[in-house]
Amino acid sequence: MSLKSYCLLLGASAAAMAQHPLSPNGRKAGSAGDTALAFWKDHLSWWHDWTPSPSSSKGAGLVPVSMLWGGGNNGQLDAQRLQQFEHLNSTPAYVMGYNEPDCSGADISANIDVNRGVSLWNSLIAPMGQKGALLGSPAMCRQKDESWLKQFNQQPLTKSWDFTSIHIFKPDMAGVQADIDYYWNTYQKPLWVTEFACVFDQNNFTPCTDQNQINQWISDIVDLFEANEHVFAYAYTDGLGLGSAWPPVKSDGSLSQSGQAYLNAISKYY
């Protein structure tokens, strides 16, 4: 689909899209977390760290993407992030909605009911969209098995999202493609994969452990994202709960095999 067609679909002007492209700086590749930014930054365009104001000396030159993580009632970090978002004194270029509002776990998932999510969206996030920010939907914990976002989308939002933020935790490309297809077919909006990792999500969320499998998986998924016309951004996650092989850096701060595999994969494109 052309940029003009997407602008019409989103109700956004071509000028707004030119100011804040759906792929920041014309590149899809990004990072969720800053641990490997020093190694990857020349090949990335954007990053986020689940906070309202991402800040890292490692990310100089990259587009920081803001997030309202949750409703402030699911852990200390959640409360801090809500307060920080409420006190933002400028409008970010990109703002993403809640982190996994459909799952519990203090400071892991946001755990917000739909009504609370709608209220916060309309009071804090939608106004930024009205000022020119591109808005990302809340990202679901349950991936293609979600129901939260469907309910949210049926509520009276003062401004809807511009791109659908999704998480992909699958061990194979068939599962990855199924998630992408679900979100595109359901919401018909550009996709940002704001977290992804090699995980057996149907087996108690068990991370992949075989390094050769992980390396190939990373190479394959980057190729898939780059080739897919509906995916406009993607971010390797260095989040918690992903075992010992997935994190992109080692305990001594050097690049891990997985981190190198991502660097190799994105270097083919940028």
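Residues numbered from 1 in each chain as written. Predicted model: local features only at pLDDT ≥ 70, side-chain atom pairs only at ≥ 80, totals over all residues. Heavy atoms only, no water.

Draft legend 1. Looking closely at the nonpolar core. Membership of the largest hydrophobic core comes to 83 residues, with the highest contact counts inside it found for Y98, F152, F196, F225, Y234, W246 and Y262. Looking at this core, the element that brings in the most residues is helix α5 (residues 114–130), giving 8 residues. Among residues more than four places away in sequence, those in contact with Y234 are K28, A29, G30, W46, V193, F196, V222, F225, E226, Y262, I266 and Y270. (Core = buried A, V, L, I, M, F, W, Y, C linked by side-chain atoms within 4.5 Å. Buried < 20%, exposed > 50% of the residue type's maximum accessible area, 1.4 Å probe, protein only. Helix = DSSP H or I, 4+ residues; strand = E, 2+ residues; numbered from the N terminus. Contact = heavy atoms within 4.5 Å.)

Draft legend 2. Focus on helix α4 (residues 76–86). Taken residue by residue, α4 has D78, R81, L82 and F85 as its buried positions. Seen end-on, α4 carries its buried residues on one side only, within an arc spanning 100°. Residues of α4 that are buried sit in contact with β4 (66–67), β5 (94–96) and α5. (Arc of directions from axis to C-beta.)

Draft legend 3. Spatial organisation of the sheet that holds β4. Judged by pairing direction, the sheet is parallel, and its 3 strands sit side by side in the order β4-β5-β6 without closing on themselves. The open sheet terminates on both sides in strands that have one partner only, identified here as β4 and β6 (134–136). Pairing of β4 with β5 involves 2 bridges; the strand directions are parallel. In the sheet register, M67 faces β5, and the bridge partner there is M96. Packed on one face of the sheet, α5 meets β5 and β6 and runs near 140° to β6. (Pairing = 2+ DSSP bridges. Axes fitted to C-alpha atoms, helices over the stretch in contact; angles between N-to-C directions.)

Draft legend 4. Just the packing of aromatic side chains, in detail. Tallied over the entire structure, the rule returns 24 aromatic pairs. Judged by centre distance (6.2 Å) and plane angle (25°), the rings of F152 and W161 are stacked. The same class applies to F152 as to W161, namely buried. Ring centres of F196 and Y234 lie 6.3 Å apart, and the angle between their planes is 65°; this geometry places the pair in the edge-to-face category. Residue F196 is located in strand β8 (residues 191–200), and its partner Y234 is located in strand β10 (residues 231–237); the two are separated by 38 residues in the primary sequence. (Phe/Tyr/Trp six-rings, centres within 6.5 Å; stacked < 30°, edge-to-face > 60°.)

Draft legend 5. Quick peek at the pattern of salt bridges. Inspection of the entire model under this criterion finds 6 salt bridges. Here K170 and D179 are joined by a salt bridge, their closest N and O atoms 3.0 Å apart. Here K170 matches D179 in class, with each residue buried. For K268, the salt bridge goes to D223, with nearest N and O atoms at 3.1 Å. Highlighted residues: K268 in the segment after α9 (257–267) and D223 in helix α8 (residues 211–227), separated in sequence by 45 residues. The class of D223 is partly exposed, set by a relative accessible area of 26%. Shared partners join several salt bridges into a network, and the residues in it are K170, D179 and D201. (Salt bridge = Lys/Arg side-chain N within 4 Å of Asp/Glu carboxyl O.)

Draft legend 6. Inspection of the state of the cysteines at higher detail. Per the stated rule, a full pass over the model turns up 2 disulfides. Here C103 pairs with C141 through a disulfide, and the sulfurs are 2.2 Å apart. Between C103 and C141, the S-S torsion sits near -75°, and that sign places the bridge as left-handed. Placement of the pair is C103 in the loop between β5 and α5 and C141 in the loop between β6 and α6 (148–153), with a sequence separation of 38 residues. (Disulfide = S-S within 2.5 Å.)

Draft legend 7. Here's a closer look at the UniProt feature "domain: Asl1-like glycosyl hydrolase catalytic" (unreviewed entry) in the protein chain. UniProt records the feature "domain: Asl1-like glycosyl hydrolase catalytic" (unreviewed entry) for residues 36–262 in the present numbering. Along residues 36–262 the backbone is 33% helical and 17% strand, and the end-to-end C-alpha distance reaches 10 Å. (UniProt positions renumbered as here; feature names shortened; annotations may be inferred.)

Draft legend 8. How the structure looks around the packing of helix α7 (residues 173–187) against α8. Interaxial distance between α7 and α8 falls to 11 Å at its minimum, and their mutual angle equals 30°. One finds that α7 runs roughly parallel with respect to α8. Where α7 crosses over α8, the handedness of that crossing is right-handed. Touching M173, V176, Q177 and I180 of α7 are W217, D220, I221, L224 and F225, all from α8. Its residues placed into classes, the contact of α7 with α8 shows 7 nonpolar, 1 polar and 1 charged. (Parallel < 35°, antiparallel > 145°, perpendicular 65-115°, else oblique. Left-handed = near helix turned anticlockwise from the far one by under 90°. Nonpolar A, V, L, I, M, F, W, Y, C, P; charged D, E, K, R; others polar.)

Draft legend 9. Structural view of unusual backbone geometry. Here Q143, not a glycine, exhibits a phi torsion of approximately 50°, which is positive. Tracing the backbone shows Q143 in the loop between β6 and α6. Look at Q143 and you get buried, because its relative accessible area is 4%. Despite not being glycine, Q188 has its phi angle at roughly 55°, a positive value. Mapped onto the elements of the fold, Q188 is located in the loop between α7 and β8.

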